[in-house]
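# Report on the structure
Listed below are the residues making up each chain.
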Amino acid sequence: MSIYLDYNSTALVRPQVRAIMAEVLAEGGNPNAVHALGRRARSRIETARAQVAALVGADPTAVVFSSGGTEANAQGIASAIAAGCERLIVSATEHPCVAEAATASGVPVEVLPVDGNGVVDLDWLAGALQRQGRAAVAIHHANNESGVIQPIAEAAALVRAAGGWLHVDAIQSAGKIAVDMRALDADTLTLSGHKLGAAQGSGALVGREGLTLVRILHGAGQERGLRAGTENTAGIAGFGAAAEIAGGELAQAAHHASWRDAAAERVKAAGAAVVGEAVERLPNTLFLAVEGWDSPQQLIGLDLAGVMVSAGSACSSGKTKPSKTLVAMGLDRLATGAVRASGGWGTQESDWTRFADVWTAAFEKHVARLSVRAKEVA
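If you're wondering where the values come from, they're calculated on a predicted model, not measured in any experiment.

### Focus on the sheet that holds strand β6 (residues 165-169)
Overall, mixed pairing links the seven strands, which are arranged β2-β8-β7-β6-β5-β3-β4 in an open sheet. Edge positions in the sheet fall to β2 (63-66) and β4 (109-112), since each of these pairs with one other strand and no more. Strand-to-strand, the axes of this sheet are offset by a mean angle of 20°, without reference to chain direction. Sitting on the sheet, helix α2 (residues 36-55) is in contact with β2, β7 (188-192) and β8 (203-207), with an inclination near 115° to β2. Of the strands in this sheet, β5 (135-138) and β6 touch helix α6 (residues 152-161), which is tilted by about 160° from β6.

Structure, rendered in structure tokens:
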């Protein structure tokens, strides 16, 4: 029997979302049309806007729907620059869509370092904010690989004092822990529907009330002129439903930590390092690493046993790329041997037990092979 522990990559689509999307697709209609079907589609979008806003404690008028988190992050960074930010400060463990959007922005980019636990260096940030030029700071609420949660409110206080702009990627944290935009004090915040159990292809940029955002897709006046293109009505309706359900399941999501921790103790006992275990992490995420056992080898063994997880590194042309997160944490020796298991709404305790069973058995075989090779060399 297969188990799925890759929710940080994409959550399984919730049954309720499938049902709502089917309804919307059957209804049809362009949400910008004035006839009955158009008005019905518009109502679906505005309902979803309120649902998504409620998940992060924002005003619905501040939500701009997009094709996903990558587009929303790019729009957030573009809005900061349009507002007069002359430089960008981006955390070292930021998702590539943020880091690369910053690099492509045309303004100077500084990298905000993290400590050995993956937490941003607030003292360094305080000093960097004192340098010349208004800065936009991008820090994700939780790391997509390790699940490490960042001190966003503390960083926001520093950014506010310096007159800067704070952009928060909350794509991984929303729906897993409480996210309140006002408490975080972010200027812009991003979300992605498929991390919550919606279909892929819907996301949102949420702006601080009264803040001016800019569009990066030009054309007609959809999304109050902030995102051109006919809205993905079915996808957005599903996004809204998933946001509402996830917001009501935060207590259940917290229970995953004990299941995750039990699996973590077993892989640690076998010889793995558990990344970020000394600090606060998302309750659903386990990021482990082994020196000398490349991620693809681990994934193949797990997959053959019916356990679906992700690597902390990407595979390209047969070569294992080091995990950006582990390198930033100073754990270069582990950077090509990481595996991430992440649960979600459909995960059971038995799934974590099965993962630990399969991984430890595979590791024992790996150690045995090394022992045989060592004897052959000797």
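### Side note on the packing of aromatic side chains
This model, assessed by the stated rule, comprises six aromatic pairs. Ring geometry for F65 versus F239: centroids 6.0 Å apart, planes at 65°, classification edge-to-face. Taken together, the residues F65 in strand β2 and F239 in helix α9 (residues 233-247) connect sequence positions 174 residues apart. The pair formed by F65 and F239 is uniform in burial state, with each residue classed as buried. Ring plane angle 40° and centroid distance 5.5 Å describe the contact between W293 and F363, whose orientation is recorded as tilted. Within this pair, whereas W293 is found in the loop between β10 (285-289) and α12 (295-304), its partner F363 is found in helix α14 (residues 349-377), the two being separated by 70 residues in sequence. With a relative accessible area of 10%, F363 lands in the buried category. Taken together, the ring pairs in this structure connect W293, W359 and F363 into an aromatic cluster. Over the ring of W124 we find R131; its NZ or CZ atom is 5.6 Å from the centre of that ring.

### Brief notes about helix α11 (residues 256-270)
Taking 1.5 Å as the rise per residue, α11 with 15 residues should run 21 Å; its terminal C-alpha atoms sit 22 Å apart, in good agreement. Here α11 has its buried residues at H256, A257, R260, A263, A264 and V267. With its buried residues spanning 130° around the axis, α11 presents them on a single face. Those residues of α11 hidden inside the fold are in contact with α10 (250-254), β9 (273-274), β10 and α14. One or two steps after α11, the chain reaches G271, where phi turns positive at roughly 135°.

Definitions and limits used
- Residues numbered from 1 in each chain as written.
- Predicted model: local features only at pLDDT ≥ 70, side-chain atom pairs only at ≥ 80, totals over all residues.
- Heavy atoms only, no water.
- Pairing = 2+ DSSP bridges.
- Helix = DSSP H or I, 4+ residues; strand = E, 2+ residues; numbered from the N terminus.
- Axes fitted to C-alpha atoms, helices over the stretch in contact; angles between N-to-C directions.
- Contact = heavy atoms within 4.5 Å.
- Phe/Tyr/Trp six-rings, centres within 6.5 Å; stacked < 30°, edge-to-face > 60°.
- Buried < 20%, exposed > 50% of the residue type's maximum accessible area, 1.4 Å probe, protein only.
- Lys NZ or Arg CZ within 6 Å of the ring centre and 35° of its normal.
- Expected span 1.5 Å × (residues − 1).
- Arc of directions from axis to C-beta.

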